[in-house]
Amino acid sequence: MKEYKTMEEKTARINELYHKSKTEVGLTKEEQEEQASLRKEYIASVRRNLKDQLNSINIQNEDGTVENLGETYGREQKH
């Protein structure tokens, strides 16, 4: 299986495999496994990025202090 370095390359390959799966030819067993693996990597990346974004949110309290919500609520909790 080819190694894709960037998320853009992975996304392009996921789309390519999706479109091939909708044709009469379909996907080979190896391509189905590649598609599943790439989708898992993509979803993990999206989750990681979203978690990082949410963990970096700061709010200013009424008393003027700044609170990082990730440190207060998110970083240590497992969902």
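Residues numbered from 1 in each chain as written. Predicted model: local features only at pLDDT ≥ 70, side-chain atom pairs only at ≥ 80, totals over all residues. Heavy atoms only, no water.

With that settled, consider helix 1 (residues 7-21). The end-to-end C-alpha distance of helix 1, which contains 15 residues, comes to 21 Å, matching closely the 21 Å that a straight helix rising 1.5 Å per residue would cover. For helix 1, the complete set of buried residues consists of Lys10, Arg13, Ile14 and Leu17. One side of helix 1 holds all its buried residues, which, seen down the axis, span an arc of 105 degrees. Facing away from the buried surface of helix 1 by more than 90 degrees, the exposed residues are Glu8 and His19. Structurally, helix 1 contributes buried residues whose contacts are with helix 2 (29-55). (Helix = DSSP H or I, 4+ residues; strand = E, 2+ residues; numbered from the N terminus. Expected span 1.5 Å × (residues − 1). Buried < 20%, exposed > 50% of the residue type's maximum accessible area, 1.4 Å probe, protein only. Arc of directions from axis to C-beta. Contact = heavy atoms within 4.5 Å.)

Our focus in this paragraph is the side chain of Lys10. Looking at the secondary structure, you find Lys10 in helix 1. Setting aside residues no more than four positions away along its own chain, Lys10 makes contact with Tyr4, Leu38 and Glu41.

What follows covers helix 2. Here helix 2 is 27 residues long and its end C-alpha atoms lie 39 Å apart, about the 39 Å a rise of 1.5 Å per residue gives. Restricting attention to buried positions, one finds in helix 2 the residues Glu31, Glu34, Gln35, Leu38, Ser45 and Asn55. Each element contacted by the buried residues of helix 2 is listed here: helix 1, strand 2 (66-68) and helix 3 (69-74).

A few words on the confidence of the model for the protein chain. On average, residues of the protein chain score 89 in pLDDT, and 92% of them reach the 70 mark or higher. Looking across the protein chain, the model is least confident in helix 3, with a mean pLDDT of 81, and most confident in helix 1, with 95. (pLDDT = per-residue confidence, 0-100.)

Now for the environment of Thr23. Structurally, Thr23 is set in the loop between helix 1 and helix 2. Of note is the side chain of Thr23, whose polar atom sits 2.6 Å from the backbone oxygen of Lys20. (Polar contact = N/O pair within 3.5 Å; in protein donor to acceptor, adjacent residues only side chain to side chain.)

Ranked by size, the top nonpolar core spans five residues in total: Tyr4, Ile14, Leu17, Leu27 and Leu38. Each residue touching Leu17, except ones within four places of it in the same chain, is listed here: Leu27, Glu31, Glu34, Gln35 and Leu38. (Core = buried A, V, L, I, M, F, W, Y, C linked by side-chain atoms within 4.5 Å.)

This next bit is on the pattern of salt bridges. Evaluation of the coordinates by the stated rule reveals four salt bridges. Glu34 is paired through a salt bridge with Arg13; the nearest N and O atoms lie 2.9 Å apart. With Glu34 in helix 2 and Arg13 in helix 1, the pair connects residues that are 21 residues apart, well separated along the chain. Judged by its relative accessible area of 14%, Arg13 falls in the buried class. A network of salt bridges, in which partner residues are shared, links Arg13, Glu16 and Glu34. (Salt bridge = Lys/Arg side-chain N within 4 Å of Asp/Glu carboxyl O.)

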